[in-house]
Structure formats: C-alpha cells, structure tokens
Amino acid sequence: MKQSLFESQHQSAWQAFSGQLDALERGKADNQQCQSFAADYRRLCQHLALAQSRGYSSHLIEHLQQLAMRGHQQFYRHRSPLGGQLLGFILAGFPRLVRAEWRFVVAASLLFFGSLLAMGLLVYLVPELVYSLIGTEQVAEMEQMYDPDARRIGRFGERDSGDDWMMFGYYIMNNIGIAFQTFASGLLLGLGSLFFLLFNGLMIGAVAGHLTQIGYGETFWSFVIGHGAFELTAIALAGAAGLKLGWALLAPGRLPRGEALRLAAGHSVRLIGGVILFLLLAAFIEAYWSSMSLASPVIKYWVGAGLWLLVLSYLLLAGRGAHAPD
Amino acid sequence: MPLSSITYPAAAQRPLLDTRYQVETPEGIDLILRPAGLVARALAFAIDLLIRGALLAVLFAVLALLGQFGMGLGTILLFLVTWWYMVLFEVLNQGRSPGKQLMGLRVIHDDGTPVGWSASLIRNLLRFVDMLPFAYTLGILSCLNHPAFKRLGDIAAGTLVVYRDNAPSVPKLPAAEPLRAPFSMDLSEQRALLGFAERAEALSSARRLELAGILAEPLQVPPEQAEQRINGIARGLLGPT
C-alpha cells in the first residue's frame, strides 16, 4: 500500500485518537470516551510498526511516534487507590520493610543511640565536655528552655495555643528536614548518613547529659520522652535508609552500580515514607502533649514509656500475620 | 546498482548519531525520547525557584496578619514548598513542574512511563546531594557525564527529563511527475529520498543541488536534473493523493 492511501484511510482515526489524548492530558476525559482507548492505542502502535516496516516518510512516522508516545504516557499511568495502599503500608508494609532491612536498621540504631548514650554519659561525668561540642550561647539557651521554673516547657517558656501551632509547624519543618538530609546524604557512599547519625546522636546526648547534670533532668526528660519514641526512631530509620543507598554503591553485588542504586533507592524511599509518618506523629505529640504542664512528670514518664513500647512492638510485631491486611 | 554497499538489518537498529534514547514498549514499538540537556533543565529550575520565591513571599505577607497561628501555618507551607513542590507537580501534573512546562520538558521513568510517587520522591530528596558542595556542583558534573544527562537523583530514581515534542507541521512535497526508481531501494534509502523531498523547503537551492548531486550518477542523469528526479521518485513512492 502506498503512503498516501494509508494516510487517507487512517487519518480520521488518528485525529480522533489525538482528540482523546488531548482530553486525557487535560484530565477532562469521560468514561464513555475511554472505553475504546486501549484498542485505539494498540491499533495506533500497529500503524506505526507498519509505517516503519514499509519505509514511509519520516514525517508520517514522526507523527505516529508522537501519538504513540502520548498514548503510552496515558496508558501506563500509575494510578492506585492511595488510601488503601497507605493503610496497608501502615498496618503491615512498613514494619515488614523495617524487619527486612534489619541489618541497616541495627547499624544505624547502634550509631545513633550508641553515640547518644555515650556522649550523654560522658557529659554527665565530665561536665566541661559539653562546651567542646556546643557553643556557650546555645548551652545557655538550652538551660533557659528547660528551666524547671517555666510554666510551659519547650523552645519558649510561655505558650498559648497559637504557640502550639507555631511549634507544630517548626517541628515538622526542622525534623523532617533533618530526616531527609540524613537519608539523601547516604548517596555519598553512606558517609553523609554516617555523619548526620553521629552528629545528631552526639548533640542530643550532650544536651541530655548536660541538662541532667545541672539538675534540669525532670523537665527535660519528661518533655522529650513522649515524642522521642517516634522522633529518635525516625531519625535512626532515615539513617538506615541512607546507609542502604551508600551500601548499594559500595557493594553492588552482581548488579551494575547504577542498577543496584536504583533498586536500593526504591526500597529505602518506602522507609522514608514511614519516617515521614513517624515524624508527623512526633511533631504532633511534641507540640500538644510534651509541652503541656498540666500533666505531672510521672504521668508523662508513664505515657512516654508506653509510647516507646508501642513503637518497638509495632516495628517488631505488626504485619506478621500470613494474610495481607484488608 | 545499490545506493550503498553497507546494509543494515533493520532501520531501527542503526546506532543513532544524536542523543536520542530508545525504549521498546510492550506493544513492540520503539519510543524515541529526547533527553533534555543541562541548560534547559537549569532554566526550568530557575523558573521554578522564582515561582516558589514569589509564592512564599505572598503567603508570608498574608499569614503574618494571622499572628502565631499564621506563622505555624507558614512554616508548614514553607516545608511543603521546599520539599514537596516538585514532587506534587511532577506526579499530579504529568511530570511537569511549572518551570518544566514552560521549557517544554517533562519527567518520565526510564521505560517511558509517567513518573510515579516513589521515583519522584527519590529524585527530589536526592536533590540535596546534587546541590553539594555548592550550586549544584555534583548534579552538574553528573549531568554532563551521563549520556542521557541524568543528575545523581535521576540515576537513583531511574528517571529521565525529556523534551515534549510539538506536533510536526505537514510538509509540502515539491511538484513533480511521479516516477519509478531505476533501481531497487531498501527501507532506509526510501526514507532518505522521502526525507530529502520533505525537507526541500527548508534547504537552500545550492544545498539541494549539492545533496542531489551525490545521486546523479546512480540515477544516470546530469547533476542539475538530479533534484527533479528525486522529487519525482519521492512522489512515486508516496503514491497518488
């Protein structure tokens, strides 16, 4: 068949397909129109293959190729019920993923919590050490924040509900930003994640040790124990995700490095999804529960211990059933 | 007499001389993508940066009126704009942030499918590393070194930034009497002749003469008539309209 005949036979079909694509690209296609989309798309692909194998002109082939490309984009769109997926992820997917990546999780936790505890103990025993890590001004600021005389504790002494809102925003921005950095810098052969895990561990440890040592322990610990369950775990998990990225580059196994990295990134970004959820929860608790001075420290310790237990048992036990959660 | 002594197994398998990137789809056709280079991408990013800056300036001016509640909301919005602006636009607007849309670019997966949540999140979180140590140094180095101009985030996410093609205009073939070719041609040779006739309008007459002259000998005509001959053969290949 000569090209002109081929073109005149199918021109109207191509125009109709192009119109359908326009509607889909603008998100204004109705269901009736799309009934035949798959068949139309395959027919167009067949026309393209025919045109190529018959040596038709570049112009026609380019035109068909563009239509095929646009059709491909619409046909293979990733659409899934986000709500259902999210629920499945929270109920089972995330804890399973954490357990599947237990090597990196354990390594990151050891680095983070290990440096935190070690630094805390050191500063508690040798108080001057805190100034080798944190500037004098910042230390004074910290002391002021957790002064037992303040009515409400946290980053500012006196707070009302507007403050709670402000701090909620601040915690989200700050903490999720840190988690993202910890994850992303894992791409630098894991060194970035290593740095952020140790750095944050040392800083938090130093502050905790110092405040305990000068006798502000009760205000500090009762403030941080609640949201710490989510926040500290989340930072460790973000570090684990970053270490996984770095490890894929260092030891790609039988895959090319680029491919290994791509696969590792696919897994670790799901970890980051869980980390984001944890940090949102932590920010919420930190802004609305931890800063409340109505509850006595004893209650806060109990609730905090409960939250730690909840997080650990969630990560260790959830999603162990054989059936997928519905 | 054949036009050339080199024969290729199939037109599609010839190595391309440009940066085009081929993807074979499950339908058995090849999609041809044109990855966007550093400059187009940097401009798109600059436009996005300006838009984000303006957006934040307006938002903060409004929210400052709301006091501390507004500040909290503002911080959350700042977070959203910093980390999620690109992701939301890329996933919900068919791979195009406003800057990319203006520059005629889009983000897709390596296999040509539209970018999804996970890939978009990866490439935009790893932007942090591309920006190191300053002014996108790592990203630029990676982009310039990669055959498909990927920055580190793109490599990890398995994504590509490609040009969106505009619909080609319909070419007018020069008028000529349809002719049969005096020899048999393979597909790529057919396409070359058709391509010459279709591009005739865009070429200067001297260049046309020069190009057509190459074929004067196998066509067995003097070089001045070769162009007319080729146009005739192209008409003949195209068939009656």
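Conventions and cut-offs
All residue numbers here refer to positions counted from 1 along the written sequence of the relevant chain. Chain A is the first chain written and ligand 1 is the first ligand written, with later ones labelled in order. Only residues with pLDDT of at least 70 get local features here, since the model is predicted, and only at 80 or more are side-chain atom pairs given and counted; chain-wide, interface and lining totals rely on the full set of residues. Counting from the N terminus, the helices are DSSP H or I runs at least four residues long and the strands are E runs at least two residues long. As defined in this context, the radius of gyration uses C-alpha atoms, and a globule is described by 2.2 Å times the residue total to the power 0.38. Remark: residues whose backbone-derived C-beta atoms lie within 7 Å of one another are considered to be in contact. The quantity called bend is, for any residue, the angle between two axes fitted respectively to the seven residues ending at it and the seven beginning at it. Every C-beta atom is placed from the backbone, and the number of other C-beta atoms within 10 Å of a residue's own sets its class: buried at 20 or more, exposed at 12 or fewer, partly exposed in between. On a range of 0 to 100, pLDDT expresses the predictor's confidence in each residue. The start and end points of each domain follow an automatic or database-based domain assignment. Axis lines are fitted through C-alpha atoms, for helices just across the contact stretch, and the angle between N-to-C directions can take any value from 0 to 180 degrees. Orientation is classified from the angle alone, with under 35 degrees giving roughly parallel, over 145 giving roughly antiparallel, 65 to 115 giving roughly perpendicular, and any other angle giving oblique. Whether a crossing is left-handed or right-handed is set by the direction in which the near helix is turned from the far one by less than a right angle, anticlockwise for left-handed and clockwise for right-handed. Amino acids outside the nonpolar list (Ala, Val, Leu, Ile, Met, Phe, Trp, Tyr, Cys, Pro) and the charged list (Asp, Glu, Lys, Arg) are all regarded as polar, and Gly is one of them.

Participant: Would you explain the overall build of chain B in this entry?
Facilitator: The number of helices and strands found in chain B is 11 helices and four strands. The C-alpha atoms of chain B give a radius of gyration of 26 Å, which is well past the 18 Å a tight globule of 241 residues would have. Taking the principal axes of the C-alpha coordinates as reference, chain B spans close to 85 × 35 × 35 Å. Within chain B, contacts between residues separated by at least 24 positions form 62% of all contacts whose residues are at least 6 apart in sequence.

Participant: Just checking my understanding: could you explain helix 1 (residues 3–25) of chain A for this structure?
Facilitator: Turn by turn, an α-helix covers 3.6 residues, leaving residues three or four places apart pointing in a common direction. Taken as a whole, helix 1 of chain A carries its principal kink of about 50° at A:His10. Residues A:Gln3, A:Glu7, A:Phe17, A:Gln20, A:Leu21 and A:Leu24 constitute the buried set of helix 1 of chain A. Here the buried face of helix 1 of chain A lies against helix 2 (31–34), helix 3 (37–53) and helix 4 (58–75) of chain A together with helix 11 (223–238) of chain B. Phi turns positive, to about 70°, at A:Gly27, one or two residues after helix 1 of chain A.

Participant: What should I look at first to understand the confidence of the model for chain B in this one?
Facilitator: Any region with low pLDDT has predicted coordinates that should not be read closely. Per-residue confidence for chain B gives a mean pLDDT of 83; residues scoring 70 or more make up 93%. Below pLDDT 50 for its whole length, residues 1–12 of chain B participates in 13 contacts with residues either more than four positions away or in separate chains.

Participant: For this particular structure, what's the right way to read the domain arrangement of chain B?
Facilitator: Annotation of chain B at the domain level lists domain 1 (38–163) and domain 2 (187–238). Put simply, the middle of domain 1 of chain B and the middle of domain 2 of chain B, counted by C-alpha atoms, are 47 Å apart.

Participant: Looking at this structure, I do not really get the packing of helix 5 (residues 82–100) of chain A against helix 12 (residues 257–290) of chain A. What am I missing?
Facilitator: Geometrically, a packed helix pair is captured by the angle between its two axes and the distance between the axes. Residue and element names in this part refer to chain A. Two elements in contact, helix 5 and helix 12, have axes separated by 10 Å at closest approach and are oriented at 125°. In terms of axis orientation, helix 5 runs oblique to helix 12. You can see that helix 5 and helix 12 cross each other, and the crossing is left-handed. Each of Phe-89, Ile-90, Phe-94 and Leu-97 in helix 5 lies in contact with helix 12, whose residues at this interface are Arg-270, Leu-271, Gly-273, Gly-274 and Leu-277.

Participant: Help me understand the interface of chain B and chain A in this model?
Facilitator: Each partner contributes residues to the interface: chain B has 51 residues there, and chain A has 49 residues. Broken down by secondary-structure element, the contributors of at least two residues to the side of chain B that touches chain A are strand 2 (30–33), helix 2 (67–92), helix 4 (117–125), helix 5 (127–130), helix 7 (152–157), helix 8 (187–198) and helix 11 of chain B. With 12 residues, helix 2 of chain B is the single largest residue contributor to the side of chain B that touches chain A. Taken together, the residues of the side of chain B that touches chain A sort by class into 30 nonpolar, 17 polar and four charged.

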